[in-house]
Structures are given as C-alpha cells and as structure tokens.
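What follows is the residue order along each chain.
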Amino acid sequence: MSENNTLVEIKDLSKLYQVGGGVFRKSDDYIHAVSELNLSIRRGESVGLVGESGCGKTTTGKLLVRLIEPTEGNIFFHSGGETVDVANLKGKELKAFRRQVQMIFQDPYESMNPRLTIYDTVAEPLDVQGIGTIAEREARVADLLETVGLTPASSFIFRYPHELSGGQRQRVAIARALIVEPDFVVADEPTSMLDVSVRTGVMHLMQELAARLEVTYLYITHDLAVARYMCDRIAVMYLGKIVEIGETEEVLQNPKHPYTRALISAVPVPDPTYQRPDVVIKGGVSKPINPIPRCRFHERCMISEQVCLDNPHPQLQDYKDDKHYLGCYVVNEADGTYWNDHTPVNQSTAD
Amino acid sequence: MEETLETASPDAIRSAAAPAPRWRVRLRLFWGGFKTNWSLFTENPIGLIGLGVIAFFGLLSVAHPILMATVWSGNVYDPVRGIDLEIPFHPSAPSARHLLGTDPMGRDILSQLMYSSRFEFGLGIMSAVMALFIATAVGALAAYYGGWLDSALMRFADLIIMVPAIPILIVLSAIIADFGMFQLALFLGVLSGFGATAIVIKSQALSVKVKPYIEAARVAGGGHGHIITRHMVPNLMPIALLYMMFVVTTAIFAEAILSFLGLTEIEMSWGLMINTTQVLGYILRFDTWWLLFPAALSITFLCAAFYLVGRAMDEVVNPRLRRR
Amino acid sequence: MAITDKVLEVNNLTMHYSTRRGPVYAVDGVSLSLERGGSLGLVGESGCGKTSVAISLLKLLPENAEIINGEIRLNGTDLVPLSEDEVRVHRWRDISMVFQAAMNSLNPVYTVEEQIVEAMVQHMPHLSEQQMSDRVDQLYELVGLDPKIKTEYPHQYSGGMRQRAVIAMALSCNPDVIIADEPTTALDVIVQDQLLKKIKEVQEQLDMAMIYISHDIAVIAEVAERVGVMYAGKMAELATSDEIFHRPLHPYTMGLMSSFPSIIGEKTELVTIPGEPPDLLNPPPACRFHPRCPFATEICRTEEPEFKEHVPDHWVACWHPGGEA
C-alpha cells in the first residue's frame, strides 16, 4: 500500500467520556468509547464500519468530522499534497478542513432545519464558507439536486423538508454533503431509516457518485447485508476496538474472530429455507468503563483462554496477505492449529 | 403517514424555473406559510374573539384623534384637561353629550377611555418586544453554551420569579421616582424577559440544540454565531411570540395597579381613571358606576384578549395540541 | 361457513381515518386468516397499512378512525359490530398486541411487575394477588427473564429485556392470538436473534397464533409460516413463506425480494423499484401499484384487480401475476 494513496490515517485514536460527576465533582470512571483505534483509508475506497450499538462506530465517525474532539491520538488527512492532523485543528484551519470532509446523517427527518427551504439547507455549506455569489450558489444547488435525482430541480429547490418523502430528503442530505466537493464523506447509517424499496435507490446513487466524483466513503452501519453491497473493505468494531478488518467478501464469507462469527450468524436472511448457524456468544453487551487490560471480548467469548486474560487487548495482525486482519489470540484454523504462534504481539500493528 | 402540502401552485413552479428575484420567492413562501398558520389559528374561535377585542381597542385608539380633530371640541372633550361647563354637577351620568358620562373633574369618560388605549397598547407592546429579545437571547445562550453561563442565568431567573413584581415596583417608585411609561415598559420588559419566559425558551432551545441539523450545520463549517442566529433563534420564535402575548397581559395589568396606587406619571390610563375615582371617594358607589366599570372592564377585556390570542397561537405553535 | 380451526378470519376489512383533507383508506378490503398456533407475517413499507390492520383487529382505533366494512372473526365471533364494552372482554384474553417501540412505552414511574399486574387486573379481576404474582413469575420464565428482577423499574432494564417484559405483558392473559408490531426493530442483531428464537419457542409452547408485522422481510422469513404483502392499504399477495420468497407473483413482491440485500449467497445486483409509495389521500386509480410496475398495461390503469387464488393457496391481486402478459 503506497503512502501516496492513503487519504485518512487514524493512529491510536481514543475518546473517553467521564461517567458520573458533574460541574463541581470529577469522577474517576471513564467510558472508553473508542480505544487506540488504528485505521487507514485509501483514496477512492469505501470502508464500512460495522458493529452493534455502543461499539464506537458512530463516535469514530463524529471524531473524523470533528464534531467531537479526540481525547488522544491523531487523524492524519493527506490531501492536496499536504498532511494535516485533524485531531488538533482549530479556528480557520478547522473551517477550511470542513471543505474536504463532510457527513451524511442517519435521520432524514431531523437532519434538516424544518424552517429552511431545500435551497437554504443544501447551500448552507457554501454560505458558511463564503463560496460563490448568490446566483452561482443557486446554480450549483440546482445542478446538484439534479445529480442526486431530484428533477426538475426547480420544483424542489424552494420546498420545505416536510413536503418531501424520506428518500427524497436523504438525497438532499447527499447533495448537501457533496456541494463543497469534499474528498472524504462519512455516512452514518444513511439508509437505515428508509423504506426498503427506497433504500436501494439511495445506495445506488451513493455508489454512482462515489465513482463519478471520486469521493472516498466511510460507511457506518449495523446492517451487514447493506455493508456487503456498499463497501470494499469492512471493519468490525466491538467496545471501542476494531476486532477484524479486511476485504468485504473475505471477511463476510470467512470470518475468523468469534465476535464477527456470532454477528454474521445472527443476521436474518430473506430465505425461509435457509438454516442459520447457531449464534455462538455469551451474555449481553457491557459498557467499556475503565476497561482492564485484557481482551475486551473475553466475557462473551466461548473460546477464550488464559492468554486472553493475561495480556492486553489483542492487536490486529495480518491473517491473509494484507487482505484480512484479525485481533485474537486463540482463534483456530480448520485443522485445529492456532492461526498465529499463540503468543501475544506487543509491538506495532498492521493497518 | 406523510402529507404532501402544495405550497407552490403550478404557476409558481413554472416561474421558479425562470430566474425570479429571490426576495419575491421568499415573500411568496412566507405568505403561503402565513396562510397555513392563519387557517390553523382560526380553527379555534377563541383566537378570533381575542383578535376582535384587540381590533376594537385598536380602533378606539385610532378613532380618538380623529374625533378630537373633528366632532369633539378640545375644551370639553380633552381627556386630561377638558371640562364640560354646561353641566352643573360632575360626575354626570351617561347622556347624549357624554356617552359614558363624565368624571368628577368634568372630563368625558369615553374620551379618556379611548385616549388611554394607545398607551395601553404602547406599553404592552414595548414590554413584550423587550422581553422577547431578552428572553430569546438568554434562553438560546444558556442552552447553547451551558456550563456556568447557563447556571448563572437560570439562578438569576429563579431570583426574578421569586421576587414579587408589584411590591418591588412600589418600593422602586418610592425610592427613585414615579414611573413614566417608558421606564415602566423597560422595567417590566426586563423583568419578564429574564424570568419564567427565559426558562421556557431555554428548554425549547435545548431540544433544538440536540437536533441532527445542528450537527449538520457544524459539519458544514458553521460557528457558534451562525448556529444560534440561523438555526436556534428561528425555531424559538414561535414559542417566544406565544409567551409575548402573556407579557402584554402582565404589563397592562401591572400598569393598572400602579396607576391605581398613584405611583405612575402617565398622563392618562385606565388605571389612572380608577385612581381618580378612588381618590375622590367614588369607588364603592354603584350610582356612579360609569366611573369604575368602563375602565375596569377595558383592562379585563384587553388583557383577556391577548391571553386568548396566546392560547390560540399555542395550537399553531404546538402541533400536538391540534385536534386533527 | 364451516368453523375450521382458524382462530382468526378477516374478510374484506376496510378502515379509514378522517383527516382535515378528506378520508384516508388505510385498510382497503383486506382479507387474511390465521390457524390456531400458526404464524402470519405482514410485510410492507411505511404507509402500507399493516399497523392499521393490527389496531383494527383489536378495535383500538383513534377518535378519527372508523371501520366501515368487513368482518373480523375471532374464534368465530365477529368483532366489528361489537361495542367497546363487548370488545374489551376479548381484548388481552383472546387477542393481544405488542406495539411498535413498546419498550419505550413502559411507564417509568412504576415497576415492571406493577404494570403487568395492571393489565391482568383489568382483564382477569377474579385472580387473587398471590395468583397474579405467581403468574408474573411464570411469564418472566417463559420469556427468559429472571423473576427476581420483576420489582425493578423499566430504566434498569436493557432494550432487549424491556421488549421481553412487554411481550410478557401481552401474554399475561393467555390469548389465542398475539400481534407483534415490529418487535425487534430497535434491537441489535444478536439481541434480535435471541428474542426471535424465544418468541418462536413461546409460540410453540403455548400453541399460540401470531401475526408478525415488519418491514424487514428477512425477519419475516425467519418467523412466519405464511406471509401477506401489503401495499397502499391493500393486500397484494398472500401465500406460504416459501411461495412468497421463491415464487412471488405480484410485481411489488418480486421487486421487494430483489431489492433486499442478503449476507449469504451470490452478490447479485440489487433492483430499485422506481417511484415512491403513494399518498393514501389520493391513491392511483385501479391497481395502486401501476405507476411503479414494469408490467403495467391499460387494464391495470382502469380496473382494479381482484384478490384471488392464482395457484392453490397462493392469493394475489394482479392482472399480470408473475409478470405474464
């Protein structure tokens, strides 16, 4: 993987939230929503971040667009020949950064100000960044509305959100995200609140635009089936850590981490004759509060061993020629042997 | 179930395709929105009743200078300095000459009533506008910034609510000076603005603050100022305007009490009319009912009218109260 | 009409809401049936009327809604002409419901046990306090919760646990039919798996019939023996699960099946159904799906297709079932 091709490089990113306490009393308990996350995203690819609620995927997305600030770590953004550490941007530089990274939100109903017209909503990034004259903005908004399939643009441009359906609103959200021509877009569950027949339209649109406009995506979702269609690579998160990452088909058809396996086997399939494998997992989800240095999946894992308790959370290691990475001490191969040499690796990780 | 409203007629859409000046489009949208809200407002008769009463008193304020310039002679009908020398005893009962009679000093009651209307309106609206600005600013800033600013403003609001307004006004007028209209409006506006209304607006602002479109605005690059003015304040306007109706009510009523107690320097007001009645010893006499009732009823009706308008507006502003 | 072992039979049910802008026929001529101990899945997108069907079956209609036609035969008795008092006798005891987002509608100021007991007191007032308490324990074990936590408050439960509690509430009076409206929509997939398995277990144990409403056809495939596909207030297709998924006849169903991404099998190209579900204030004339249908012809635009058996036990309302001319 050439350095030149990397767009986003996340290094040891952490976000901690204080639990309890208040204005006057500090508490010692912290939720480790995201813990020492490492991830590289190449230009033009579409990476999926999947997991259940509380795994940290939404937090990661918000960190990438700097809606929230990281507690520790770096987010390197390589664009226009320069490298910027997003984690530490402030003021005017932060505002300039916002032209390169945008976000598509989950809720088509609540992500638009109901008192503003579609034009106002889509043009807001231009307005805030001071780009173009009013006439130029109008033209650009109309052009983009047509691109996302809202034609004729003139019949949408001065409407209000409540006059549009969910699918149409989400197209507006896509238009708003793309109007500043960003390099990188974080999509936070953009289709989960849409009807099924509308969902595929929006999915196709996003794929088409990604190719045409050369946009790189981080696609956050809990729906593995959707991730399968939208993402080149997929990263499975659990309690703030990535436990498995690799090319989508490879990870989905050949999952190795016990959590990934449980997750995949739990997904219902639209075929009544298909028998799902048993979901092999214990207990319920816990919150990563002041986690002890050991594998975070240990409590729910059916194959955990002493090595999982005695060592810090396993780092991701290359499982298959750079296409599939895994963070586990004890997963077996089909022939019963351990997939690695069974000793924990202290040193640097793979991306 | 989704409703698809037709805001723009086919003509409008066609002309939107051709480059139309943006302000014209905005005006058209605003008018469309206004018509929708109006139809919601009029669903409940109380709103119309309230508006009717307000219109009535508005008419009185407008009609008075016209009458004074034309039909009524200044010497006799001037509300403050007039005196009817042709009638021997004052106060005199309602007659053809004086539709609501005269007060103990010989002045026409109806004229006084009409003349005061403008002050009542002026006072009420000035207080309301001031309170609107203050309450919206306080509510939005407290909700947006949180932390110590929020705590400070809310504690201050608690203080204001705790302190009874009328006694404070009485004390203040004793210490400083009697209140003129502007001073009273200022004081009442500030009092209302920092008090309960600010708390209500703040809680509305809090629910706006967590909406995803605020996050979207931030991701677009919007700073604090942009988010507060472009997103929060417009969404606070409906509920702020609603509560302003109640501020008008409070202002009118407070002025009435203070004038009744003789603590104001306003030239003529309904409260002052009652004060005159009381000071000259006619307050509890039913045979001179025209000295008390017109003024008292006017206060009651105008206050009630603004309250009713506020209630009817509540149905427009708060979709959950609508019946269908 | 023979009284078969059908615990629920709905014929030509029509219900409308009166709105400011006219009547909305949320349920228009819908027919379905349910065998004792069977499971029926109702699939459709938002606005198709599936939730409206559910609340009509329990006659829990809001003020502006009215059933204007059809019959709902529960154990042979038609519920439609019954008064509110008469229907109340059947509610919860013969037919009950788990509402959408029910786990968020638990009252936060009462313990969960109190709320379940309240439901029982309403419909089984002859039970003693001790009997009710025992019943709650029984219900908890049935749905897989530890009876010891029944005295806790809803906020102390997780989402999955609250959903189980609400199901326990619906089961409390031992109904013959339970309607579950999107019971797992807000849950994570592993919790959903556990809950679906538990629901199937309970259904078998109690020989209880179930109507399962969802927009997620994958979940429906897992739980339902028979599936009804609804579109714009009408029943478009009704058949066994196997038939619907493998040999769909209505173009809408066909489109739906091809537009659903699956995690297994070959990664095929997803189909988009053009257009949007219609506004029920002013639905398209004749066949409501015709504006979006790739097989639509003149007759689809002028005459409404009848809901009938095209193939034995496979009902469809379409002029071109299977896409044939």
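Residues numbered from 1 in each chain as written. Chains lettered and ligands numbered in written order. Predicted model: local features only at pLDDT ≥ 70, side-chain atom pairs only at ≥ 80, totals over all residues.

Asker: Mind laying out the overall build of chain C, listing which residues take part and the relevant values?
Answerer: The number of helices and strands found in chain C is ten helices and twelve strands. Here the C-alpha radius of gyration of chain C, 20 Å, is about what a compact globule of 325 residues would show, namely 20 Å. By its C-alpha atoms, chain C is 65 × 50 × 40 Å across when sized along the principal axes. For chain C, with 325 residues in total, the buried portion stands at 47%. Counted over contacts in chain C with a minimum sequence separation of 6, partners at least 24 positions apart contribute 64%. (Helix = DSSP H or I, 4+ residues; strand = E, 2+ residues; numbered from the N terminus. Rg over C-alpha atoms; globule rule 2.2 N^0.38 Å. Buried ≥ 20, exposed ≤ 12 C-beta atoms within 10 Å, placed from the backbone. Contact = placed C-beta atoms within 7 Å.)

Asker: Help me get a handle on the interface of chain B and chain A, residues and values and all.
Answerer: Taken residue by residue, the interface counts 26 residues in chain B and 26 residues in chain A. Contributions of two or more residues to the side of chain B that touches chain A are made by α1 (10-17), α2 (22-41), α10 (212-220) and α11 (224-260) of chain B. Ranked by residues supplied to the side of chain B that touches chain A, first place goes to α10(B) with eight residues.

Asker: Lay out the interface of chain C and chain A in plain terms, naming residues and giving numbers.
Answerer: Counting from both sides, the interface comprises 32 residues of chain C and, opposite them, 33 residues of chain A. The set of elements that each furnish at least two residues to the side of chain C that touches chain A consists of α6 (189-206), α7 (217-223), α8 (241-246) and α9 (251-258) of chain C. The element contributing the most residues to the side of chain C that touches chain A is α7(C), with five residues. Looking at the side of chain C that touches chain A, its residues break down into 17 nonpolar, eight polar and seven charged. (Nonpolar A, V, L, I, M, F, W, Y, C, P; charged D, E, K, R; others polar.)

Asker: Tell me about the sheet that holds strand β2 (residues 22-35) of chain C, residues and numbers included.
Answerer: Backbone hydrogen bonds are what pair the strands of a sheet, in a parallel or an antiparallel way. All names here are of chain C. Ordered in space as β2-β1-β4-β5, the four strands form an open sheet in which the pairing is antiparallel. The sheet is open, and its two edges are formed by β2 and β5 (77-78), each paired on a single side. Where strand β4 (residues 65-74) and β5 come together, two bridges link them in antiparallel fashion. Within β5, the residue paired with R73 across the bridge is D78. Its contacts with the sheet place helix α1 (residues 50-57) against β1 (6-19), β2 and β4, and it is angled at close to 70 degrees to β2. (Pairing = 2+ DSSP bridges. Axes fitted to C-alpha atoms, helices over the stretch in contact; angles between N-to-C directions.)

Asker: Could you give an account of the sheet that holds strand β7 (residues 184-188) of chain A, with specific residues and numbers?
Answerer: All names here are of chain A. An order of β6-β7-β8-β3-β9-β10-β12-β11 is seen for the eight strands of this open sheet, with the pairing classed as mixed. The strands lining the two open edges of the sheet, one partner per strand, are β6 (101-104) and β11 (317-320). Direction aside, neighbouring strands of the sheet carry axes that sit 20 degrees apart on average. When strand β3 (residues 46-50) meets strand β9 (residues 233-238), the two strands line up parallel, connected through four bridges. In the strand pairing of β9, V50 is matched with V236. Each of β9 and β10 (241-247) is contacted by helix α9 (residues 258-266), which is oriented at about 105 degrees to β9, the strand it contacts most.

Asker: Got a sec to walk through the pairing of β11(A)? Specific residues and values, please.
Answerer: Residue and element names in this part refer to chain A. Pairing between β11 and strand β12 (residues 324-326): three bridges, direction antiparallel. Residue pairing in the sheet places D318 in a bridge with Y325 of β12. Where β11 folds back on β12, the antiparallel hairpin that results is connected by three residues, among which D321 adopts a positive phi of roughly 40 degrees.

Asker: Go over α10(B) with me, naming the residues and quoting the values.
Answerer: Among the nine residues of α10(B), eight are classified as buried, and the element is accordingly described as predominantly covered. Those residues of α10(B) lying buried are B:Y213, B:I214, B:E215, B:A216, B:A217, B:R218, B:V219 and B:A220. Packed against the buried residues of α10(B) are β6 and α3 (118-129) of chain A together with α9 (196-209) and α11 of chain B. Within two residues after α10(B), B:G221 carries a phi angle of roughly 115 degrees, on the positive side.

Asker: So what's going on with the packing of helix α12 (residues 270-279) of chain B against helix α13 (residues 289-317) of chain B? Residues and values would help.
Answerer: All names here are of chain B. Running from N to C, α12 and α13 point in directions that differ by 155 degrees, and their axes come no closer than 9 Å. The angle between α12 and α13 places the two elements in the roughly antiparallel class. Relative to α13, α12 is oriented so that their crossing is left-handed. When α12 is examined against α13, the residues W270, M273, I274 and T277 are found in contact with a partner set consisting of L291, L292, A295, A296, S298 and I299. Here the residues of the contact of α12 with α13 sort into eight nonpolar, two polar and no charged. (Parallel < 35°, antiparallel > 145°, perpendicular 65-115°, else oblique. Left-handed = near helix turned anticlockwise from the far one by under 90°.)

Asker: Lay out the environment of C:H90 in plain terms, naming residues and giving numbers.
Answerer: Residues and elements named next belong to chain C. Along the chain, the position of H90 falls in helix α2 (residues 84-90). For the pair H90 and K50, spaced 40 residues apart in the sequence, the C-alpha separation amounts to 21 Å. Those residues within four positions of H90 in sequence are excluded, and the remaining contacts are L74, L79 and I95.

Asker: Quick rundown of the environment of C:E129? Include the residues and the values.
Answerer: With respect to the element layout, C:E129 can be found in helix α4 (residues 129-143). Between the C-alpha atom of C:E129 and that of C:H16, which follows or precedes it by 113 residues, the distance is 41 Å.

Asker: Could you give an account of unusual backbone geometry, naming the residues involved and the relevant values?
Answerer: All names here are of chain A. Residues T151 and P152 are joined by a peptide bond in cis, for which omega reads -10 degrees. Secondary-structure assignment places P152 in the loop between α4 (134-147) and α5 (166-178). You will see that E189, though not glycine, has its phi angle at about 45 degrees, which is positive. Counting through the fold element by element, E189 comes out in the loop between β7 and α6 (196-213). With a phi close to 55 degrees, E214 is a non-glycine residue in the positive phi region. Residue classification places E214 among the exposed residues on the basis of 11 C-beta atoms within 10 Å.

Asker: An account of the pairing of strand β1 (residues 6-19) of chain A is requested, with residue identities and associated values reported.
Answerer: Two faces belong to every sheet, and in a regular strand the side chains alternate between them. Residue and element names in this part refer to chain A. Where β1 and strand β2 (residues 29-42) come together, ten bridges link them in antiparallel fashion. By the bridge assignment for β2, Q18 is matched with Y30. Here β1 pairs with strand β4 (residues 72-79) via five bridges, running antiparallel. Bridged to S14 within β4 is E72.

Distances and angles like these do not, on their own, reveal function.
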